[in-house]
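Each chain, written out:
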Amino acid sequence: MSFQILLNVFLAYIWMFLKNDYSSSTFFIGYLLGLLIMLAYRHFFKERFYLSRVWAVIKLILLFLKELVLSNISVLKLVLSPKLNIRPGIFALETELTKDWEITILANLITLTPGTLVVDVSLDSKTLYIHAVDIPEKHEAIDSIKNTFEKAIMEVSR
């Protein structure tokens, strides 16, 4: 991915030298032209095209922001309700992620959303133990995390 970004910047600088104009707008046009050239020849790269990974990172950030707002609303409803009707619990989430940074990002995303907290990670880094403030059904919570955060992290890394 870094090779592709450097190649795109290099093509943008070549465009600036060919145009003999060293402004930021010329660089931007050269960057877009380099992007089109690289898109046309993307089959010659060993890795997937880097913009797909950038798009996956943007989708992960937007997903986190959506989950952050929704979980804040649900925690606010719990706090403001006159009767405290919650079912706290700890459940185990078996993850398919293998790299340490993927597991760290998953644990941080879970912890940063209100109402959930990663308590521990198993020694083999395959299981995360999560505490939730209100968990009516543990299978729904596991499926929710697997279908949102874990899936989005896998799109970024693979």
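Quick notes on the rules
- Residues numbered from 1 in each chain as written.
- Predicted model: local features only at pLDDT ≥ 70, side-chain atom pairs only at ≥ 80, totals over all residues.
- Heavy atoms only, no water.
- Helix = DSSP H or I, 4+ residues; strand = E, 2+ residues; numbered from the N terminus.
- Contact = heavy atoms within 4.5 Å.
- Pairing = 2+ DSSP bridges.
- Axes fitted to C-alpha atoms, helices over the stretch in contact; angles between N-to-C directions.
- Core = buried A, V, L, I, M, F, W, Y, C linked by side-chain atoms within 4.5 Å.
- Buried < 20%, exposed > 50% of the residue type's maximum accessible area, 1.4 Å probe, protein only.
- 1 Å grid on protein atoms, 1.4 Å probe; cavity = no way out; pocket = protein on both sides within 12 Å on 5 of 7 lines; lining within 4 Å.
- Points joined across faces, edges and corners; volume = space filled by probe spheres on them.
- Nonpolar A, V, L, I, M, F, W, Y, C, P; charged D, E, K, R; others polar.
- Expected span 1.5 Å × (residues − 1).
- Arc of directions from axis to C-beta.
- Salt bridge = Lys/Arg side-chain N within 4 Å of Asp/Glu carboxyl O.
- Domains from an automatic or database assignment.

Engineer: What's the story with the side chain of Thr26 in this structure? I'm lost.
Structural biologist: On the secondary structure map, Thr26 appears in helix 2 (residues 24–40). Setting aside its immediate chain neighbours within four residues, Thr26 contacts Trp15, Met16, Lys19 and Asp21.

Engineer: I would appreciate a short explanation of the sheet that holds strand 1 (residues 89–94) in the present structure.
Structural biologist: Within a sheet, each strand pairs with its neighbour through backbone hydrogen bonds, oriented either parallel or antiparallel. The three strands are arranged 1-3-2 in an open sheet whose pairing can be described as antiparallel. Sheet topology places strand 1 and strand 2 (116–121) at the edges, where each strand pairs with a single neighbour. Within this sheet the neighbouring strands show an average axis-to-axis angle of 30°, counted without direction. With respect to the sheet, helix 4 (residues 100–112) is in contact with strand 1, strand 2 and strand 3 (127–132), its orientation differing from that of strand 2 by roughly 145°.

Engineer: For this particular structure, what's the right way to read the nonpolar core?
Structural biologist: A general tendency of soluble globular proteins is for nonpolar side chains to be buried together. Judged by nonpolar contacts, the single largest core of 24 residues is most densely connected at Phe91, Leu106, Ile110, Leu128 and Ile130. Of all the secondary structure elements, the ones that give two or more residues to this core are helix 3 (50–80), strand 1, helix 4, strand 3 and helix 5 (138–157). If sequence neighbours within four positions are ignored, Phe91 has contacts with Leu128, Tyr129, Ile130, Ala132, Ile135, Lys138, Ala141, Ile142 and Ile145. If you look at the next biggest cluster of nonpolar residues, it comprises five residues, including Leu35, Met38, Phe45 and Tyr50.

Engineer: Sorry, what's going on with empty space enclosed by the protein here?
Structural biologist: Using a probe with the size of a water molecule, rolled over the atoms, empty space left in the structure can be pinpointed. One pass over the full model with this rule turns up one cavity of 30 Å³ or more. In this model, the largest cavity occupies a volume close to 30 Å³.

Engineer: Help me understand the layout of surface pockets in this model?
Structural biologist: In this structure, the largest pocket encloses a volume near 590 Å³. Glu67, Ser71, Thr116, Asp134 and Ser144 are the residues nearest the centre of the largest pocket, which is lined by 24 residues in total. Counting residues per element, the ones that place at least two in the lining of the largest pocket are helix 3 and helix 5. Residues that form the lining of the largest pocket fall into these classes: 13 nonpolar, seven polar and four charged.

Engineer: Honestly, helix 1 (residues 2–19) in this entry has me stumped. Any pointers?
Structural biologist: Spacing of three or four residues puts side chains on the same side of an α-helix, whose turn is 3.6 residues. Between its first and last C-alpha atoms helix 1 spans 26 Å; for 18 residues at 1.5 Å apiece the expected length is 26 Å, and the two agree. Looking only at helix 1, the buried set comprises Gln4, Asn8, Ala12 and Met16. For helix 1, the angular spread of buried residues about the axis comes to 125°, placing them on one side. Exposed residues on helix 1 whose side chains face more than 90 degrees from its buried face are Ser2, Phe3, Leu6, Phe17 and Leu18. For helix 1, the elements touching its buried residues are helix 2 and helix 3.

Engineer: What should I look at first to understand the pattern of salt bridges in this one?
Structural biologist: Opposite charge on two side chains permits pairing when their charged atoms draw close. Applying the stated criterion across every chain, the model contains five salt bridges. In this structure, Asp134 engages Arg87 in a salt bridge whose closest nitrogen and oxygen atoms are separated by 3.8 Å. You can see Asp134 sitting in the loop between strand 3 and helix 5 and its partner Arg87 sitting in the loop between helix 3 and strand 1, a full 47 residues away along the chain. Between Glu102 and Arg158 there is a salt bridge, with its nearest N and O atoms 3.3 Å apart. Taken as a pair, Glu102 in helix 4 and Arg158 in the segment after helix 5 lie far apart in primary sequence, 56 residues in all. A relative accessible area of 38% places Arg158 in the partly exposed class.

Engineer: What should I look at first to understand the domain arrangement of the protein chain in this one?
Structural biologist: Accessible area lost upon the coming together of the parts is a frequently used measure of interface size. Taken domain by domain, the protein chain holds domain 1 (2–44) and domain 2 (50–157). Just the C-alpha atoms count here: the centres of domain 1 and domain 2 sit 38 Å apart.

Engineer: Just checking my understanding: could you explain the environment of Lys138 for this structure?
Structural biologist: Turning to its location among the elements, Lys138 is positioned in helix 5. Look at Lys138 and you get partly exposed, because its relative accessible area is 43%. Each C-alpha atom of the pair Lys138 and Phe91 lies 6.7 Å from the other, and the pair is 47 residues apart in sequence.

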